[in-house]
Amino acid sequence: METLELNVGGVYYTVSASTLAQDPESTLAQLVQSPTAPRDSKNRVFVDRDGVLFRYVLDFLRNRKLVLPENFREKDRLAQEAAFYNLPALVDAVQSRKKSSGYITIGYRGSFAFGRDGLADVKFRKITRILVCGRVTLCRDVFGETLNESRDPDHGLTDRYTARFFLKHSSIEQAFDMLQEQGFYLTGSCGSGTAGGTSAQDLKPGVDAEESRWNHYNEFVFCRD
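What comes next concerns the included structure. (Residues numbered from 1 in each chain as written. Predicted model: local features only at pLDDT ≥ 70, side-chain atom pairs only at ≥ 80, totals over all residues. Heavy atoms only, no water.)

## Digging into the sheet that holds strand 1 (residues 3-8)
Strands in a sheet are paired, the pairing made by backbone hydrogen bonds, and the direction either parallel or antiparallel.
Line of reasoning, step 1. What the three strands build is an open sheet, ordered 2-1-3; its pairing is mixed. The sheet is open, and its two borders are formed by strand 2 (11-16) and strand 3 (45-47), each paired with just one other strand. For this sheet, the mean inter-axis angle between neighbouring strands, taken without regard to orientation, is 30 degrees.
Line of reasoning, step 2. Strand direction decides the pairing type here: strand 1 and strand 3, joined by three bridges, are parallel. Residue pairing for strand 3: Asn7 is matched across the bridge by Phe46.
Line of reasoning, step 3. Packing against the sheet, helix 3 (residues 54-63) makes contact with strand 1 and strand 2, and its axis sits at approximately 10 degrees to strand 2. (Pairing = 2+ DSSP bridges. Helix = DSSP H or I, 4+ residues; strand = E, 2+ residues; numbered from the N terminus. Axes fitted to C-alpha atoms, helices over the stretch in contact; angles between N-to-C directions. Contact = heavy atoms within 4.5 Å.)

Take a look at the structure:
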């Protein structure tokens, strides 16, 4: 079996010539046949592209199947690499994996802060936790490493739903930005506010009596077609 050593953007690969020649019209197949292919100082064939993403290109050529990590967030760049290598089947595979449709519900609860000494003009919200509900794979695709899954361990079902995820941060605007970047739009929302009856003597030290009285819970439903 004829093998080739490749230097793709500084990442080294050893691959059979037959694997690179899987698609006769591809840039890689032409590279195998070219005696004038550029080489590095170690005589490895040099390709000035993303060396890390090339592993997925190579894996696709070997198996004719696209397998990506669950939280893979570089599909646009991988599609760009596939186009460069003139692999239309890989481009189609990436495009089909880019955006799955569905709904995600964002909920958060917290309290209204009024500032010290009851200053009515100092009002802002304090968010305790941002909850994420929806299909597990969809939630992971949108929020990635910012998603806290400690309350909902993986049960091995690829298409299951959960209402137990929450985010590692408490910035609702950041959550909305991430949803917008992934092509989601708001379809509905609701909110509620409650006034509790906690007395001043029941409060923890440093907690404002007015703030403890007013709590709120809000939900936002986002959709991607």
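## Focus: the pattern of salt bridges
Line of reasoning, step 1. Using the criterion set out here, one finds seven salt bridges in the structure.
Line of reasoning, step 2. One salt bridge in this structure joins Arg44 and Asp40, with 2.9 Å as the shortest N-O distance. The same class applies to Arg44 as to Asp40, namely buried.
Line of reasoning, step 3. Notably, a salt bridge pairs Glu149 with Arg140, separated by 2.8 Å at the nearest N-O pair.
Line of reasoning, step 4. Classification of Arg140 by relative accessible area gives buried; the value is 5%. (Salt bridge = Lys/Arg side-chain N within 4 Å of Asp/Glu carboxyl O. Buried < 20%, exposed > 50% of the residue type's maximum accessible area, 1.4 Å probe, protein only.)

## Digging into unusual backbone geometry
Line of reasoning, step 1. The phi dihedral of Asn43 is positive, around 65 degrees, even though this residue is not glycine.
Line of reasoning, step 2. By the element assignment, Asn43 lies in the loop between helix 2 (27-33) and strand 3.
Line of reasoning, step 3. Despite not being glycine, Asn86 shows a phi value in the positive range, around 55 degrees.
Line of reasoning, step 4. With respect to the secondary-structure elements, Asn86 resides in the loop between helix 4 (75-84) and helix 5 (88-98).

## Focus: the packing of aromatic side chains
The geometry of an aromatic ring pair comes down to the distance between the two centres and the angle between the two planes.
Line of reasoning, step 1. Counting across every chain of the model gives six aromatic pairs.
Line of reasoning, step 2. Judged by centre distance (5.3 Å) and plane angle (50 degrees), the rings of Phe176 and Phe222 are tilted. Note that Phe176 is positioned in helix 7 (residues 172-181) and Phe222 in strand 9 (residues 214-224), a separation of 46 residues in sequence.
Line of reasoning, step 3. Phe222 gets classed as buried once you look at its relative accessible area, which sits at 7%.
Line of reasoning, step 4. Ring-pair connections join several aromatic residues into one group, and the members of that group are Tyr13, Phe54, Phe84 and Tyr85.
Line of reasoning, step 5. Taking NZ or CZ as reference, Arg49 lies 4.0 Å from the ring centre of Phe84, over its face.
Line of reasoning, step 6. Directly above the ring of Phe166 sits Arg129, whose terminal nitrogen or CZ lies 4.0 Å from the centroid. (Phe/Tyr/Trp six-rings, centres within 6.5 Å; stacked < 30°, edge-to-face > 60°. Lys NZ or Arg CZ within 6 Å of the ring centre and 35° of its normal.)

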